[in-house]
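Overview (structure and organization)
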Protein chains: 2
Amino acid sequence: MSVDLSPTVLAERHRGTLDQALEAARTRAFWSPHPEHPKAYPEAEAGHAAFQALLGHRFPLDQPGTDGWTGSERSPYGIDLGVEYPHADPDALLPAMRAAMPRWREAGPLTRALVCVEILARINARTHEFAHAVMHTTGQAFTMAFQAGGPHAQDRGLEAVAYAFAEQTRTPPEAEWTKPQGKREPLELRKTFTPVPRGIGLVVGCNTFPTWNGYPGLFASLATGNAVLVKPHPRAVLPLALTVAAAREVLAEAGFPPDLVCLAVERPGEGLAKVLALRPEVRLIDYTGSTAFGDWLEQNARQAQVFTEKAGVNTVVIDSTDDYRGMLANLAFSLSLYSGQMCTTPQNLLIPREGIGTDQGKRAFTEVVADLAAAVEGLLGEDARAAALLGALVNPDVKARLEAAAELGEVALASRAVTNPEFPEAVVRTPALIALDSAAPDAGSAFLSECFGPVSFAVAVDSTEAALELLRHTVREKGAMTVSGYTTSPEVERRLEEVCFEECAQLSLNLTGGVFVNQTAAFSDFHGSGGNPAANAALCDAAFVASRFRTVEVRRPA
Amino acid sequence: MSVDLSPTVLAERHRGTLDQALEAARTRAFWSPHPEHPKAYPEAEAGHAAFQALLGHRFPLDQPGTDGWTGSERSPYGIDLGVEYPHADPDALLPAMRAAMPRWREAGPLTRALVCVEILARINARTHEFAHAVMHTTGQAFTMAFQAGGPHAQDRGLEAVAYAFAEQTRTPPEAEWTKPQGKREPLELRKTFTPVPRGIGLVVGCNTFPTWNGYPGLFASLATGNAVLVKPHPRAVLPLALTVAAAREVLAEAGFPPDLVCLAVERPGEGLAKVLALRPEVRLIDYTGSTAFGDWLEQNARQAQVFTEKAGVNTVVIDSTDDYRGMLANLAFSLSLYSGQMCTTPQNLLIPREGIGTDQGKRAFTEVVADLAAAVEGLLGEDARAAALLGALVNPDVKARLEAAAELGEVALASRAVTNPEFPEAVVRTPALIALDSAAPDAGSAFLSECFGPVSFAVAVDSTEAALELLRHTVREKGAMTVSGYTTSPEVERRLEEVCFEECAQLSLNLTGGVFVNQTAAFSDFHGSGGNPAANAALCDAAFVASRFRTVEVRRPA
């Protein structure tokens, strides 16, 4: 077999990037090899054309065990994608994937890492094409689909590759061991240490962030020597199909069996994730989605290491601020971005009933709520701008939840329909803000479960003290991907930190500018903590990669 | 509170040791700060006296929630220890332990590591006392109790501390993050990263190696900020009670609540491990013991990270050797050490029916078996020497299994009773070697499950090829802590390695001298792989520590 991508070529291209990624993860300073501005990528038109050329066709993947074709994606912007994907017989596909693994194991951690970086580089070069695919499966607005689905997702993938490489190379490949024995000859052994894979890694993709949430697990498993089977959400197949195709292309060029990365698309109602998750060959599972299925995986897929990101309830504690306008603007943006369809969007804003201190004087609960509603209205007043921020509702469930939310309390800000001039069929809605009093009967039943989508609750509480206790209770019982706080009091700040340390939640304080609690940056920010019910893993830390491989030692007399 | 052990004092004493441990784990070269020869410890008589002084008394531990006293240890050497330990009410003890955690978290990774090293140093200084306690709970002979229960266990504890420290300090405590924004002002954040504990770590001790198997989990959990509750095996309480007392003493002197480390001794038949394992406060469990209870923990203690070492079937593949005498001597020692009561003792010796090539010519299966039997007899021919190697049977179950083994095949070497002149009540038995043919009906039912104790099976197989397949099957289905191989063929060596890579087992090749497959050295050898059914964790790697804490990030505008 001719190998276009030799280890030497790969090292010349990517060793520097890998080293920079390792250094960034160590310092946590800002770094990315993937520019986030669309203009940094010249192939805008070609990328759009490439996306268009996919529509209405079969998506070829030369995988073993293909026993039919399936696919029924419809864009939240109103386009039937009409793409069909190969449907695989697991009894044929999984053995082929396992058979591909020994060569990948033998390649060693560095070559595996460099091949992964090349895959990401190929994907990066096609970011415009991926952006359209993400946009038309998730309902994200184009700019967000471009950034979060492109460079930011690629960053998270590269971060996982770097962590995987670091973890596999902490133990040297070989060592001499000489134990003194007093006057006798020393004992001498020659030892080798080989990272070996677990088996097949299953990535169960989500509807809203197929690449951003899919890449960490995919690349962590692949870089640690495992084969990876990608089972996309049936409504968001295309971005992951493109990813699998890119991976297979690079693997083949580097002289490895492409079946190390395969796609498993389900027929309607097939329940394929459950079937695959229980296969003995599957030893790693990465899942993002509902708590019900995440819990099912953790309970039932006992042959596998299971990494889950599930539902949570994100809280903002508002005690006081020295930049009232900045706070309102920041929160308005956070609530609006992608119609609140982010696992990191704040849901509950806890505000003392008596009000908060601000640089504009004391503001009562009702005033804060009204001012925040006005800030959201101001931000989204113009339809074109609103659509570019909101994107589209990803599916009818979100719309139904939004419509039901008005019954849950006093509507402080009603959701309104926005028309997207380019895609009039898109369901675009501004966020609703529901005011509640925590002391009201059954108030908790409204805001103490995840209401995924453009619905937030402004909750009047007795005091900042009560807000902290409610925060603690929420994180402990419901989990949280993010916690946010506004305060000018060092004591309140300290106590917010204490609650987050004890309940294990990631905290953002006094964000009033261009950084939003919804967003985390690879190589610097952890996404989730892995220590509360919202997720059992964090993106990305050593625990996310260290158990994806094992080290086999062979020792011989020297 | 006056603090005798300030961070400065601790750093002066132990920072060098910690750094050396980190370096040894990185290079895998031989290193230990704990000499293994009893003569290196001057306090032999004082240690014996200290042990004697414990007998027949209550063991005081000033723990909260003590609601009675319990204890009924009887030495396998025939002494009733007569020690009673506090029995704890979990409803009082666990909240007290949780209340102790914030100060420990605030101390940070370095201080925690140094306190742990101080605990190990205190234990090391009392190694003679611990050796008697280990001997009279496990039945190990004194020298082994001294070495494995003392310096080697302390090494494994220190190794866990080093890994825990390294993992917690990979992310810096704080970072500045500046993201360029083209012509606009950059986004700037100040970030802190704080390792936070999971909760309470439960260590469920075993009968045979209470310290060696207990210390890794105990120190890994403690060094990562958790409180640790030690639930010893009811027949091997004293070594862990001494450990808990030492830890509490050091914690108090360093200004921390001693309730960070507590002891939970069960009343007869209480089933305390099951109760504690399901408590919501318990978030980490380390267990060594039967597969049945290990599986139960993995299935049921879903609120916790569970690290288990369970039963396995260790195989030796004998293909050929260029040092036949050395091989026989090495195997004879491995089978005899502590009466085969090690999780690492070889059980099945797979030998081609037609025989093996050796430096003394071809040897038929029956000859190899007879020569090995003779080697064991030679090694154990003299009672005093035999007793010093065999120790005593740890409990009546082992004796019953040994007696039943004669029915399982042809007795190639019968077990014989040995008298220990110092402790005539000790049940001392030489190992039995049972010959079987793998082709015989039901042969597998005899040797394909763990027969813990001084019983090994010499199994005739069709060929080395068949031995490799049987090895693969055994590891995959039954698990293995160790695999051993003897061959002069590079091809067989390669294929042995391949099986161990694919089935994830630790391999020792051609051991003919003073290194035995049963023994692993901390900082260099991995104990178990964590990738086959014998254990879900390896001692010690990053995966053993990385999920025992989480990292909480707090970010603020800079």
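Sequence order as written defines residue numbering, which begins from 1 separately in each chain. The order in which chains are written sets their letters, starting at A; the order in which ligands are written sets their numbers, starting at 1. Confidence filtering applies because this is a predicted model: local features only for residues at pLDDT of at least 70, side-chain atom pairs given and counted only at 80 or more, and all residues used for totals across whole chains, interfaces and linings. Side-chain measures were taken over the full set of non-hydrogen atoms in the model, leaving aside hydrogen atoms and water.

1. Structural notes on unusual backbone geometry
Residue and element names in this part refer to chain A. The amide bond that connects Leu539 to the next residue, Cys540, takes the cis arrangement and shows omega of -10°. With respect to the helices and strands, the residue Cys540 is situated in the loop between β18 (507-509) and α18 (542-546). Its identity as a non-glycine residue notwithstanding, Cys504 has a phi of 65°, on the positive side. Put simply, DSSP marks the helices as runs of H or I at least four residues long and the strands as runs of E at least two long, and each gets a number from the N terminus on. Within the fold, Cys504 resides in the loop between α17 (490-503) and β18. A positive phi is found at Asn510, a non-glycine position, where the angle reads about 55°. Following the sequence through the fold, Asn510 ends up in the loop between β18 and α18.

2. Some words on the confidence of the model for chain A
It should be kept in mind that the predicted coordinates are not to be read in detail where pLDDT is low. pLDDT is a residue-level measure of predictor confidence that goes from 0 to 100. Mean pLDDT over chain A works out to 97, with 99% of the residues at or above the 70 mark. Prediction confidence for the complex, expressed as pTM and ipTM, is 0.97 and 0.97 respectively.

3. Observations regarding the pairing of strand β9 (residues 305-309) of chain A
Classification of residues uses two cut-offs on accessible area relative to the type maximum, computed with a 1.4 Å probe and protein chains only: under 20% is buried, over 50% is exposed, and between them is partly exposed. Burial analysis of β9 of chain A places 4 of its 5 residues in the buried class, which makes it a mostly covered element. For a crossover, the right-handed case is the one in which the path from the first strand over the helix to the second runs clockwise, viewed with the strands pointing away from the viewer. Viewed along the sheet, the connection from strand β8 (residues 282-288) of chain A through helix α10 (residues 291-300) of chain A into β9 of chain A turns out right-handed.

4. Side note on the relation of the copies chain A and chain B
It takes a turn of 180° to lay chain A on chain B, together with a shift of 0.0 Å along the axis; the resulting RMSD is 0.0 Å. Interpreted geometrically, this transformation is the action of a two-fold axis. Taking C-alpha positions as reference, the residue of chain A nearest the rotation axis is Ala543 of chain A, located at 3.2 Å. Both copies present the same face, since 100% of the interface residues in chain A are matched by interface residues at the equivalent positions in chain B. The least-squares superposition of copies is restricted to C-alpha atoms, and to residues with a pLDDT of at least 70 in both copies. Contacts: residue pairs with any heavy atoms within 4.5 Å of one another.

5. Examining the packing of aromatic side chains
Residue and element names in this part refer to chain A. Note on aromatic contacts: the rings of Phe and Tyr and the six-membered ring of Trp form a pair at centre separations within 6.5 Å, being stacked when their planes are under 30 degrees apart, edge-to-face when over 60 apart, and tilted otherwise. Considering all chains together, one arrives at 28 aromatic pairs over all chains under this definition. Judged by centre distance (5.9 Å) and plane angle (50°), the ring pair of Phe142 and Phe146 falls under tilted. Of this pair, Phe142 and Phe146 both sit in helix α5 (residues 142-149), 4 residues apart, which is roughly one turn of the helix. Pairing Phe293 with Trp296 gives two aromatic rings, centres 5.5 Å apart and planes at 5°, and the pair type is stacked. Residue Phe293 and its partner Trp296 are located together in helix α10, separated by 3 residues, close to a single helical turn. Grouped by ring-pair contacts, the aromatic residues Tyr41, Phe142 and Phe146 constitute a single cluster. Consider the ring centre and the ring normal. A charge sits over the ring if Lys NZ or Arg CZ is within 6 Å of that centre and within 35 degrees of that normal. It is Arg548 that lies over the ring of Phe544; its NZ or CZ is 4.3 Å from the centre.

6. Here's the deal with the sheet that holds strand β12 (residues 410-413) of chain B
Two strands qualify as a pair provided DSSP detects at least 2 bridges between them. The strand order across the open sheet built from 10 strands is β3(A)-β4(A)-β19(A)-β18(B)-β17(B)-β10(B)-β11(B)-β16(B)-β15(B)-β12(B), with neighbouring strands paired in mixed fashion. What marks the edges here is a single partner per strand, and that holds for β3 (174-181) of chain A together with β12 of chain B. Averaged over all pairs of adjacent strands, the angle between their axes in this sheet comes to 25°, without regard to strand direction. Across 7 bridges, β3 of chain A lies against strand β4 (residues 184-197) of chain A in antiparallel orientation. Here an axis means a line fitted to C-alpha atoms, over the contact stretch when the element is a helix, while the angle between two N-to-C directions is reported on a 0 to 180 degree scale.

7. Topic: the sheet that holds strand β9 (residues 305-309) of chain B
All names here are of chain B. Spatial ordering of the open sheet is given by β7-β6-β5-β8-β9, a layout of 5 strands whose pairing is parallel. Each having just a single partner strand, β7 (261-263) and β9 make up the two edges of the open sheet. The sheet shows a mean angle of 15° between the axes of neighbouring strands, direction not considered. Bridging between strand β5 (residues 200-204) and strand β6 (residues 227-231) involves 5 bridges; their strand directions are parallel. Across the sheet, the residue bridging to Ile200 is Ala227, located in β6. Strands in contact with helix α3 (residues 90-99) are β5, β6 and β7; relative to β6, the strand with the most contacts, it is inclined by about 150°.

8. Side note on α10 of chain A
An α-helix turns once every 3.6 residues. As a result, residues three or four positions apart point the same way. Residues and elements named next belong to chain A. Turning to α10, its buried residues are Phe293, Gly294, Leu297 and Glu298. Along α10, the residues classed as buried sweep out an arc of 140° about the axis, all on the same side. Buried residues along α10 sit against α9 (272-277), β8 and β9. In this description, one arc is meant: the one made by directions from the helix axis to the C-beta atoms.

9. Thoughts on the nonpolar core
To form a nonpolar core, buried Ala, Val, Leu, Ile, Met, Phe, Trp, Tyr and Cys residues must be joined to one another through side-chain atoms within 4.5 Å. In this structure, Leu229 and Ile285 of chain B are the most contacted members of the largest nonpolar core, which totals 191 residues. By residue number, the principal contributor to this core is helix α4 (residues 101-125) of chain B, which donates 10 residues. If you look at the next biggest cluster of nonpolar residues, it comprises 187 residues, including Leu18, Ile119, Leu335 and Leu470 of chain A.

10. Section: helix α1 (residues 7-27) of chain B
Residues and elements named next belong to chain B. For α1, which comprises 21 residues, the first-to-last C-alpha distance of 28 Å matches the rise-based estimate of 30 Å (1.5 Å per residue) to within 8%. Listed as buried for α1 are Leu10, His14, Thr17, Leu18, Ala21, Ala24 and Ala25. Tucked into the core, α1 has its buried residues touching α4 and α7 (151-168). Count one or two residues on from α1 and you reach Arg28, which has phi positive near 65°. To estimate the expected span of a helix, count its residues, drop one, and scale the result by 1.5 Å.

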